[in-house]
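# Topology and contacts: notes
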Amino acid sequence: MITPTHYMLLSAALFMIGVIGVMIRRNIIIIFMSIELILNAVNINLIAFSAQLQDAVGQVFAIFVIAVAAAEAAVGLGIILAFYRNKETVNIDEMNLMRW
Amino acid sequence: MRYIWLIPLLPLAGAAINGLIGIRSFSRRVAGALACAMMVGSLGLSLVAFWQLLGLPHDARAYDVVVAPWIPNIPLATHTGIGLLNVPWGFRLDPLSGLMILVVTGVGTLIHVYSTAYMADEPRGGVARFFCYLNLFCFFMLMLVLGSNFLVMFVGWEGVGLCSYLLIGYWYEKKSAADAGKKAFITNRIGDWGFILGVFLIYSTFGTFDFRQVQNAAAAMPIETGHFGILSAICLLLFVGATGKSAQIPLYVWLPDAMEGPTPVSALIHAATMVTAGVYMLGRNAVLFQQAPEVMTIVAIVGVLTALMAASIGLVQYDIKRVLAYSTVSQLGYMFTAMGVGAFSAGAFHLMTHAFFKALLFLGSGSVIHAMAGEQDMRHMGALKKYLPVTFATMMIGTLAIAGIVPLSGFFSKDEILFQAFLHNKAIWAIAVVTAFMTAFYMFRLMSMTFFGAYRGPSWESAGHAAVSIAALHGAPHPTDPHAHGKGHKKDHEVTHGPAEPHDESHGAGAIAAFKTDRGAGAPGVKDDAHSGHGHGPWHGPHESPTPMTFPLMALAVGAIVAGFVGVPAALGGNNAIEHFLEPSFTAQHVEARPSTSSGRADTEPAAAGRADTQPPAAHPEPVEGGAEAHASRRVELGLMAFSVLIAVAGIALAYRFYVTKPEISQQLAERWAGAHRLLLNKYYVDELYGATIVGGTFRSARSLWTVDRKVVDGAVNGTGKLTVVSSWFSGLTDRTIVDGAVNFVGWMIQESSHGFRRLQTGLVQNYALLMLFGIFAFVSLYLIAR
């Protein structure tokens with residue numbers, strides 16, 4: 001029997017993979033993908049509890065998250081493209097202009 | 001007679017139109033015609049008013065008219081309490097002012113006509129300006145003589161001084177003219193100071209400015225014989241004013257310099273009218289002066305000394321106008337002598353005759369100057385008789401009149417004064433007779449040097465071209481001294497010689513041309529006009545003046561002949577009509593109507609008696625009183641007349657001998673008495689004395705005040721400034737150290753303290769994410785633990 005605990009473990013694992021990906025990877029595209037992993041980990045949680053509690057609100061939330069993620073992806077990719085055109089790189093270490 | 005206020009108003013209208021519109025847009029002819037028309041209208045009104053005045057009974061010949069209110073009932077403290085100051089624009093026509101308006105408008109009209117020709121070479125706007133000033137002068141002069149109270153008179157008094165200043169400085173680009181105007185104005189101002197103080201004193205004593213009220217009040221006061229009371233103080237102050245306006249010692253110095261003005265101005269203002277204002281004012285206040293016999297004595301002494309001094313200076317002057325100027329001062333001295341000895345009618349009579357013959361002489365000299373193209377030095381004239389027949393004839397009449405030859409006008413008026421002086425004080429009479437001799441001498445010297453002898457001026461054939469080039473070579477000499485570079489001229493200046501050598505001639509011509517150029521520089525545009533002006537472009541030698549100039553000469557000559565017949569003395573079978581006519585102006589009127597009748601009569605009656613003692617019957621018009629005494633004095637009077645005519649003839653003969661038949665005598669005399677000659681030539685060094693004492697003193701005191709200003713006032717200001725600088729330096733120090741220090745310290749502290757924190761801002765996204773992660777981790781841990 002698959003209990004909410006399983007779903008939460010999967011979700012936590014996905015979340016951690018995403019966070020670590022954001023932390024350690026230098027390629028901004030990979031970081032972007034890692035953020036998608038984080039969002040989807042949340043989605044799994046929402047869906048799991050929606051099914052568990054027999055409440056559609058969680059699924060509606062998940063749809064919202066997917067929509068926001070799509071918008072975020074569009075904006076983020078645009079930024080990356082613009083950045084690439086300026087610096088000819090997608091290395092995150094080069095993106096340190098906003099410091100003291 | 002109700003319209004006497006129009007008499008001064010017409011010239012004012014002329015002045016306003018010429019001044020506001022004329023200067024910009026009138027031609028010479030229009031400006032002159034307008035001014036003349038106004039004066040003719042004024043003269044006509046004056047004649048009508050005078051005629052109506054004559055129609056009144058003798059004792060009622062006075063007419064007051066109030067044109068407009070001026071100063072309404074202002075409470076003002078007087079000597080006796082609070083009075084109401086109420087001064088109207090009032091005019092008063094009585095015998096004295098009637099005589100004066102006739103003189104002013106009559107002579108004024110003739111001089112206006114004369115000026116239209118004399119000023120024809122001036123630039124267009126200048127002519128309108130000239131006529132504007134001249135009309136304005138006539139307005140103020142008529143205000144002066146017609147005013148019925150001291151304040152209206154003072155308005156006129158100041159106004160004529162202003163116009164005198166403006167007209168003396170008419171050629172204001174010429175420094176000497178501007179200086180002369182300034183000198184006249186400042187000297188007059190000293191006199192005006194005395195006059196206005198006298199007027200103030202009159203108000204504080206009598207509480208009114210009205211002539212009649214003042215006279216009636218003064219007549220009721222006791223005569224101040226042997227001491228100086230309030231009336232004496234008033235009279236003395238008024239006399240100070242008169243010395244300024246009428247050029248008496250010690251304030252006469254401005255009048256000779258006033259000759260810098262155009263000649264018609266000299267004739268009108270500085271001979272016929274304005275300078276007699278002081279005499280008129282004394283006559284107007286005759287009642288006051290009669291109450292102050294000590295001041296009368298001062299007036300007589302000052303007058304006779306001025307007459308002598310000015311006449312003696314006139315003996316040696318070379319500038320034709322200056323001789324006449326000193327002559328004017330001298331004749332004014334006569335008038336004051338007359339006033340001082342109590343012969344007010346004689347003074348006013350001489351004022352009138354003098355206006356005729358001195359205006360005539362000035363206009364004649366203007367004609368001569370015009371003919372000689374600006375030359376004023378008599379040493380460069382001579383033998384002009386044949387070129388200027390009309391000018392010569394009329395000037396000769398004027399000369400004989402001023403010398404006192406029977407039966408010209410000067411004879412009657414001067415002999416009246418001499419006779420009154422003789423009765424009053426023999427010493428004064430003696431000085432006056434010496435002066436009469438000098439008058440005859442210097443006037444005939446002027447005539448001889450100008451019209452007789454040999455011609456000593458520049459030649460004129462083909463002088464036109466050569467003159468300019470020589471003038472250019474020699475540079476422009478001072479205009480009043482055109483012979484400055486002619487050494488040869490200087491040597492034989494008084495010696496008659498035949499036609500001068502060519503060398504000298506060209507010098508003279510150069511001087512004249514240079515003078516014309518100088519005048520041209522002084523008045524822009526005159527140069528072009530002078531050559532196209534009225535057809536004598538390059539100078540063609542002396543020539544008779546045009547009709548507008550000769551007509552006034554002839555009219556004035558007629559006046560100089562006949563004016564005396566209104567005052568034929570009783571001794572010669574006349575009735576001395578003018579004295580009888582003027583008498584009401586010199587006595588207090590309506591004394592009977594005053595409440596204090598008895599005391600007033602008691603005070604005035606002995607006065608009249610006392611005067612009757614010193615001035616026996618002939619002084620009074622009625623030949624009935626005192627039989628034998630009158631007879632004796634008639635013999636004395638006839639003797640005196642014969643004597644003074646003799647003196648005049650002697651003066652003329654001597655001058656003729658010195659300057660025509662044996663010209664070398666005067667030269668020898670001048671060398672023998674070199675010291676005296678130099679003293680006279682330099683006018684007793686009075687100008688130098690005044691320059692050293694008064695002008696120099698003013699400068700010195702001004703300089704010492706300036707030093708005080710620089711040291712004390714500037715020192716205080718600068719000290720304050722320095723103090724402020726020092727204190728603000730300390731203030732700045734505080735500001736810099738404490739305030740700035742605090743601000744900077746705060747900034748510095750924040751900077752220092754933020755050193756560590758700003759390291760957090762790596763700019764690396766992953767660092768931020770890591771920190772966020774730690775943060776979340778920490779908070780969640782905290783949450784879990786704390787729960």
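Everything below is about the structure printed above this text.
Keep in mind that this is a model prediction, so the values were computed, not measured.

With that settled, the discussion passes to the nonpolar core. In terms of nonpolar packing, the biggest core is built from 217 residues, with B:F137, B:A359 and B:A432 touching the most fellow members. Ranked by residue count, the leading element in this core is helix 4 (residues 124-146) of chain B, at 18 residues.

Residues and elements named next belong to chain B. Mapped onto the elements of the fold, E224 is located in the loop between helix 7 (211-219) and helix 8 (230-245). Using a count of 18 C-beta atoms within 10 Å as the deciding quantity, one classes E224 as partly exposed. Linking E224 and H424, residues 200 residues apart in sequence, is a C-alpha distance of 18 Å. Once residues lying within four places of it in the same chain are set aside, the contact partners of E224 are G229, L231, S232, Q291, A292 and E294.

On to the interface of chain B and chain A, then. On the side of chain A, 11 residues touch chain B, which itself brings 10 residues to the contact. The element that contributes the greatest number of residues to the side of chain B that touches chain A is helix 30 (residues 765-786) of chain B, accounting for 5 residues. In the side of chain B that touches chain A, the residues fall into 5 nonpolar, 4 polar and 1 charged.

All names here are of chain B. Cis geometry is adopted by the peptide bond preceding P250, which originates at I249 and carries an omega value of 5°. Mapped onto the elements, P250 comes out in the loop between helix 8 and helix 9 (254-257). Look at the link from V406 to P407: it is a cis peptide, with omega at -5°. In this structure, P407 sits in the loop between helix 16 (389-403) and helix 17 (409-424). We note that A247 has phi near 55°; this positive angle belongs to a residue other than glycine. Secondary-structure assignment places A247 in the loop between helix 8 and helix 9.

Residues and elements named next belong to chain B. Across the interface, helix 4 lies against helix 5 (residues 150-168) with an axial gap of 7 Å and an inter-helix angle of 155°. In terms of orientation, helix 4 and helix 5 fall into the roughly antiparallel class. Crossing angle aside, the handedness with which helix 4 passes helix 5 is left-handed. Touching Y133, L136, F137, F140, M141, M143 and L144 of helix 4 are V152, M153, V155, G156, W157, G159, V160, C163, L166 and L167, all from helix 5. Within the contact of helix 4 with helix 5, the residues separate by chemical class into 15 nonpolar, 2 polar and no charged.

All names here are of chain A. Along its 26 residues, helix 2 (residues 28-53) runs 38 Å from first to last C-alpha, staying within 8% of the 38 Å computed at 1.5 Å per residue. Buried within helix 2 we find I28, I31, A41, N43, N45, L46 and A48. Contacts from the buried residues of helix 2 go to helix 1 (4-24) and helix 3 (57-87).

Each value, and the rule that gives it
Residues numbered from 1 in each chain as written. Chains lettered and ligands numbered in written order. Predicted model: local features only at pLDDT ≥ 70, side-chain atom pairs only at ≥ 80, totals over all residues. Core = buried A, V, L, I, M, F, W, Y, C linked by C-beta atoms within 7 Å. Buried ≥ 20, exposed ≤ 12 C-beta atoms within 10 Å, placed from the backbone. Helix = DSSP H or I, 4+ residues; strand = E, 2+ residues; numbered from the N terminus. Contact = placed C-beta atoms within 7 Å. Nonpolar A, V, L, I, M, F, W, Y, C, P; charged D, E, K, R; others polar. Axes fitted to C-alpha atoms, helices over the stretch in contact; angles between N-to-C directions. Parallel < 35°, antiparallel > 145°, perpendicular 65-115°, else oblique. Left-handed = near helix turned anticlockwise from the far one by under 90°. Expected span 1.5 Å × (residues − 1).

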